[in-house]
Amino acid sequence: MSITNFGSASSGVRAVTPKVTFQTLQEKKQAGRPITALTAYDYATARLVDESGVDLILVGDSLAMVVMGHESTLPVTMDEMLHHTRAVRRAVNRALVVADMPYGSYHVSVTEGVANAARFLKEAGAAAVKIEGGASRCELVERLTEAEIPIVCHLGLTPQAVHRMGGYKVQGKTLAAAEELARDARMLEAAGASTIVLEGMPRELAAIITSQLHIPTIGIGAGPDCDGQILVFHDLVNLSFSRPAKFVRQYADAAALFRNAIEGYVHDVEERSFPDESESYHLSKEVTDALKPPAAKARLLAKT
Ligand code: KIV
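The present account deals with the structure reproduced in this document. (Residues numbered from 1 in each chain as written. Predicted model: local features only at pLDDT ≥ 70, side-chain atom pairs only at ≥ 80, totals over all residues. Heavy atoms only, no water.)

**Remarks on the sheet that holds strand β5 (residues 151–156)**
Here is step 1: The parallel closed barrel is built from eight strands, whose spatial order is β1-β2-β3-β4-β5-β6-β7-β8. Taken over all neighbouring pairs, the strand axes of this sheet differ in orientation by 25° on average, direction set aside.
Here is step 2: In the sheet, strand β2 (residues 56–59) pairs with strand β3 (residues 96–100) via four bridges, with the strands oriented parallel. Counterpart to Ile 57 in the pairing with β3 is Val 97. (Pairing = 2+ DSSP bridges. Helix = DSSP H or I, 4+ residues; strand = E, 2+ residues; numbered from the N terminus. Axes fitted to C-alpha atoms, helices over the stretch in contact; angles between N-to-C directions.)

**Some details on the site of the ligand**
Here is step 1: In the region of the ligand, the neighbouring residues are Thr 39, Leu 58, Gly 60, Asp 61, Ser 62, Asp 100, Lys 130, His 154, Val 197, Glu 199, Ile 220 and Val 232.
Here is step 2: Ser 62 is positioned with one of its side-chain polar atoms (N or O) 2.5 Å from an oxygen atom of the ligand.
Here is step 3: In the environment of the ligand, an oxygen atom lies 3.1 Å from a nitrogen or oxygen atom belonging to the side chain of Asp 100.
Here is step 4: For the ligand, whose accessible area on its own is 260 Å², the fraction buried by protein is 96%.
Here is step 5: Residues belonging to the shell around the ligand are distributed by class as follows: four nonpolar, four polar and four charged. (Near = heavy atom within 4 Å. Polar contact = N/O pair within 3.5 Å; in protein donor to acceptor, adjacent residues only side chain to side chain. Areas by Shrake-Rupley, 256 points an atom, 1.4 Å probe, with all protein chains shown as cover. Nonpolar A, V, L, I, M, F, W, Y, C, P; charged D, E, K, R; others polar.)

**Re the pairing of strand β4 (residues 128–132)**
Here is step 1: Within β4, five of the five residues are buried, which leaves it mostly tucked inside the rest of the structure.
Here is step 2: Neither face of β4 is open: one carries Ala 128, Lys 130 and Glu 132, the other Val 129 and Ile 131, and all of them are buried.
Here is step 3: Sheet topology places β3 next to β4; three bridges connect them, and they run parallel. Bridging from a neighbouring strand, Ala 99 pairs with Val 129 of β4.
Here is step 4: Running through helix α5 (residues 110–122), the crossover from β3 to the neighbouring parallel element β4 is right-handed.
Here is step 5: Summarising the sheet, β4 and β5 pair through four bridges and their orientation is parallel. Directly across from Val 129, in β5, lies its bridge partner Ile 151.
Here is step 6: What joins β4 to β5 is helix α6 (residues 138–146), and the crossover it makes is right-handed. (Buried < 20%, exposed > 50% of the residue type's maximum accessible area, 1.4 Å probe, protein only. Right-handed = clockwise from strand over helix to strand, strands pointing away.)

**Quick notes on the packing of helix α2 (residues 43–51) against helix α4 (residues 78–91)**
Relative placement of two packed helices is described by the angle separating their axes and the distance separating the axes.
Here is step 1: The contact between α2 and α4 brings their axes to 8 Å, and the two run at 40°. By the angle between their axes, α2 is oblique relative to α4. Remark: the crossing between α2 and α4 carries right-handed chirality. Contact residues: α2 offers Tyr 43, Ala 46, Arg 47 and Asp 50, while α4 offers Ala 87, Val 88, Arg 90 and Ala 91. (Parallel < 35°, antiparallel > 145°, perpendicular 65-115°, else oblique. Left-handed = near helix turned anticlockwise from the far one by under 90°. Contact = heavy atoms within 4.5 Å.)

**Some points on unusual backbone geometry**
Here is step 1: Omega for the peptide link from Phe 274 to Pro 275 comes to -5°, which places this bond in the cis form.
Here is step 2: Turning to its location among the elements, Pro 275 is positioned in the loop between α11 (254–270) and α12 (285–291).
Here is step 3: Geometrically, the link from Pro 293 to Pro 294 is a cis peptide bond, its omega value of 5° lying close to zero.
Here is step 4: Of note, Pro 294 is situated in the loop between α12 and α13 (295–303).
Here is step 5: Positive phi, close to 65°, is recorded for Glu 148, a residue that is not glycine.
Here is step 6: Its place among the elements puts Glu 148 in the loop between α6 and β5.

**Describing the packing of aromatic side chains**
Here is step 1: For the coordinates displayed, the defined rule picks out one aromatic pair.
Here is step 2: An angle of 65° between the planes, with centres 5.9 Å apart, marks the rings of Tyr 265 and Phe 274 as edge-to-face.
Here is step 3: Assessed through its relative accessible area of 36%, Phe 274 is described here as partly exposed. (Phe/Tyr/Trp six-rings, centres within 6.5 Å; stacked < 30°, edge-to-face > 60°.)

Structure (structure tokens):
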């Protein structure tokens, strides 16, 4: 097995394409080519996202809400995040797979944060981890870098801080708050971050941060001037069961598509039109006749 970046054909029939790395993202920033990113949480969607040419797949802790039905991202556990990261990793051939570190997995101590981050690379095959927060995360970012773990940082509206923020509110609107976020971004870059997600902040601030950093920024609700964009997959296809946020553009109505399919199935089963003859397996006439009375009864009597 090669450890160099020539791509690998793990599933035989699928095309061998060069794998996306952080160097690829860096080159895209330098060339002014937008980075594409989406979340995915399972094999089927990750496979579609990867085959559609998306650069970065985030196994986001948003899975707590859109997959597991929790009210916030806080309840999802390390084991659940590892489980979903493994499923995504099995599907992905090209994209950079980043695993979100769940709330509590890096908040107690730096040592515990490094140990938990290493599990995503070692046990689930992720290429990097994502953590939320500003300057207070610099020590962790340095230690992760020393441990050869690439880090995506997440600034602005950070959902794991929902209670401190008093709700999901746009951040960095005052001069002081904007200066603090810009300073945090520079400090995280200096500490070793590979990429920074900018969420829920004014477009102008995201543009300034993006122009001040050498590493790429990926925006969500942060305007069009970031080096890339990310959305939650379920928002993109209308599977979130909630009113979409201002920054979400829906590209499909999967809820309507799936509802229609499920209602059609229920109708056909209730009408006994599913399954039909062509959807059934068949016995030969000889075996069928032998199973029916009187042949079956005669066979039974012969045995006793
Ligand atoms: O968990 C997630 O999906 C995220 C994205 C919104 C960036 O953190």
